Amino acid sequence: MLSLSTPLCVAAAQTPSAPGDVQRNLQMHLACVRAAAHQGVQLLQFPELSLIGYEPALMADHVLTADHPALVALRQAAQSHHVALVVGAPAVPEGEGAPPAIGAWLLGPDGSVALYRKRHLHSSEEIFASAGTQDAQVQLIAGEPTALAVCADITHPEHAQAARGAGAALYAAGVLISEKAYAAESTMLEGYARDHDMAVLAANYSGTSGGYVSAGRSAFWAPGGRCVAAAPDDAPCIVWATRSDSGWAGGVLSLPVPA
């Protein structure tokens, strides 16, 4: 693990998504990138399936590949603003002829592209999506060993445990968590930060998606379990946390509500 004093700034984009409207959602993503870059963010995490909304039934019609215009635009934004992005979108599955995967696309400031496929599916997703097969894919993001997670992954303790075992110092999750589930699932995330001594970042939705009302309250927990920053509600915002010689500090940056 890198020393505490190694500078790092990470953030969760708490955004709404228009159902299946990749172009509109792309504009929201780009606005978030600009705002985060102004804050000095090096890694910006978006919610699950952020480019199409949490709309499992629409996944088959919106499978993205690395050369999709939306991902190309976001790769260019990552490069020009020197920030790594994790965006949610359907992806080609691991198995031939299978339904699409729920992808977390990692777009690096160096132009690189990597894909993590959601490992654990809800039962309601299984007719629309295929699960990935890897629990932990640790990559250096802004110099920090980072493992990605997507929503239901966080409810399986073995997923976070595998991430830590593979050397992750940061566990970054794109989620859609409702008010009903928020207390239990945020407690789990806090527990991963405490028990595995790794930072945990969660980007939740703003508003409603796929028939679910998001609790919002995207958050960052420092290694040891302290909540450094959290959104107070489900309004559009960026929750950021930065590490310096004096430890972790953070805050919430409000975003305009889309028309």
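Residues numbered from 1 in each chain as written. Predicted model: local features only at pLDDT ≥ 70, side-chain atom pairs only at ≥ 80, totals over all residues. Heavy atoms only, no water.

Student: So what about the overall build of the protein chain? Which residues, and what values?
Tutor: Assigned secondary structure in the protein chain consists of four helices and 15 strands. Relative to its length of 259 residues, the protein chain is compact, with a C-alpha radius of gyration of 16 Å against a globular reference of 18 Å. Its C-alpha atoms put the protein chain at 50 × 35 × 35 Å along the principal axes. Within the protein chain, contacts between residues at least 6 apart in sequence are counted, and of these 64% link residues at least 24 apart. Here the protein chain has roughly 10,100 Å² of accessible surface; of this, 54% comes from carbon and sulfur atoms. Charge-centre separation for the protein chain: the mean point of 12 positive side chains lies 4 Å from the mean point of 22 negative side chains. (Helix = DSSP H or I, 4+ residues; strand = E, 2+ residues; numbered from the N terminus. Rg over C-alpha atoms; globule rule 2.2 N^0.38 Å. Contact = heavy atoms within 4.5 Å. Areas by Shrake-Rupley, 256 points an atom, 1.4 Å probe, with all protein chains shown as cover. Lys, Arg positive; Asp, Glu negative; His and termini not counted. Charge placed at Lys NZ, Arg CZ, Asp CG, Glu CD.)

Student: How would you summarise empty space enclosed by the protein if you had to cite specific residues and measurements?
Tutor: All chains considered together, the criterion is met by three cavities of 30 Å³ or more. The calculated volume of the largest cavity comes to roughly 50 Å³. In terms of lining residues, the largest cavity is bounded by 13 residues, among which Pro47, Glu48, Gly88, Ala104 and Val150 are the most central. Of all elements in the fold, only strand S3 (84–91) and strand S4 (101–107) reach the threshold of two or more residues within the lining of the largest cavity. Among the residues making up the lining of the largest cavity, the classes are represented as eight nonpolar, four polar and one charged. (1 Å grid on protein atoms, 1.4 Å probe; cavity = no way out; pocket = protein on both sides within 12 Å on 5 of 7 lines; lining within 4 Å. Points joined across faces, edges and corners; volume = space filled by probe spheres on them. Nonpolar A, V, L, I, M, F, W, Y, C, P; charged D, E, K, R; others polar.)

Student: Can you tell me about the state of the cysteines, naming the residues and giving the values?
Tutor: As enumerated under the stated definition, the model contains zero disulfides in all. Summary of cysteine pairing: cysteine 32 is not part of a disulfide, and the nearest cysteine sulfur, belonging to cysteine 237, is at 9.1 Å. On the basis of relative accessible area, cysteine 32 is assigned to the buried category, the value being 0%. Take cysteine 227: it sits in no disulfide, and the sulfur closest to it among the cysteines is that of cysteine 237, at 12 Å. (Disulfide = S-S within 2.5 Å. Buried < 20%, exposed > 50% of the residue type's maximum accessible area, 1.4 Å probe, protein only.)

Student: I'd like a description of the pattern of salt bridges, backed by residues and values.
Tutor: For the coordinates displayed, the defined rule picks out six salt bridges. Here glutamate 179 ties to arginine 217 by a salt bridge, and the two come within 2.5 Å at their closest N and O atoms. Within this pair, whereas glutamate 179 is found in helix H4 (residues 179–196), its partner arginine 217 is found in the loop between strand S11 (212–213) and strand S12 (219–221), the two being separated by 38 residues in sequence. Connected through salt bridges with shared partners, the residues Glu48, Lys118 and Glu125 form a single ionic network. (Salt bridge = Lys/Arg side-chain N within 4 Å of Asp/Glu carboxyl O.)

Student: How would you sum up the packing of aromatic side chains? Please name residues and give values.
Tutor: This model, assessed by the stated rule, comprises three aromatic pairs. Summarising the aromatic geometry, the rings of tyrosine 54 and tyrosine 212 are spaced 5.9 Å apart at their centres and angled 75° between planes, so their arrangement reads as edge-to-face. Here tyrosine 54 is found in the loop between strand S2 (43–45) and helix H2 (69–81), whereas its partner tyrosine 212 is found in strand S11, with 158 residues between them in sequence. Its relative accessible area of 6% is what places tyrosine 54 among the buried residues. Here tyrosine 171 and tyrosine 192 contribute two aromatic rings whose centre-to-centre distance is 6.0 Å and whose plane-to-plane angle is 90°, an arrangement assigned as edge-to-face. Taken as a pair, tyrosine 171 in strand S8 (residues 170–174) and tyrosine 192 in helix H4 lie far apart in primary sequence, 21 residues in all. For the pair tyrosine 171 and tyrosine 192, one class covers both residues: buried. (Phe/Tyr/Trp six-rings, centres within 6.5 Å; stacked < 30°, edge-to-face > 60°.)

Student: Describe the side chain of arginine 117, naming the residues involved and giving the relevant values.
Tutor: Relative to the assigned elements, arginine 117 resides in strand S5 (residues 113–117). At 2.8 Å, the side chain of arginine 117 and the backbone oxygen of valine 92 are in polar contact. Among all residues touching arginine 117, those that are not within four sequence positions of it are Val92, Pro93, Glu94, Ala101, Ile102 and Gly132. (Polar contact = N/O pair within 3.5 Å; in protein donor to acceptor, adjacent residues only side chain to side chain.)

Student: Talk me through the pairing of strand S6 (residues 138–141); I want residue IDs and the actual numbers.
Tutor: Along any regular strand, the residues point their side chains to alternate faces of the sheet. When S6 meets strand S7 (residues 144–150), the two strands line up antiparallel, connected through four bridges. The residue bridging valine 138 from the neighbouring strand is alanine 147, located in S7. Hairpin remark: S6 followed by S7, antiparallel, with two residues in the connecting loop; positive phi at alanine 142, about 55°. (Pairing = 2+ DSSP bridges.)

Fair warning: the whole summary comes from geometry, so function is off the table for now.
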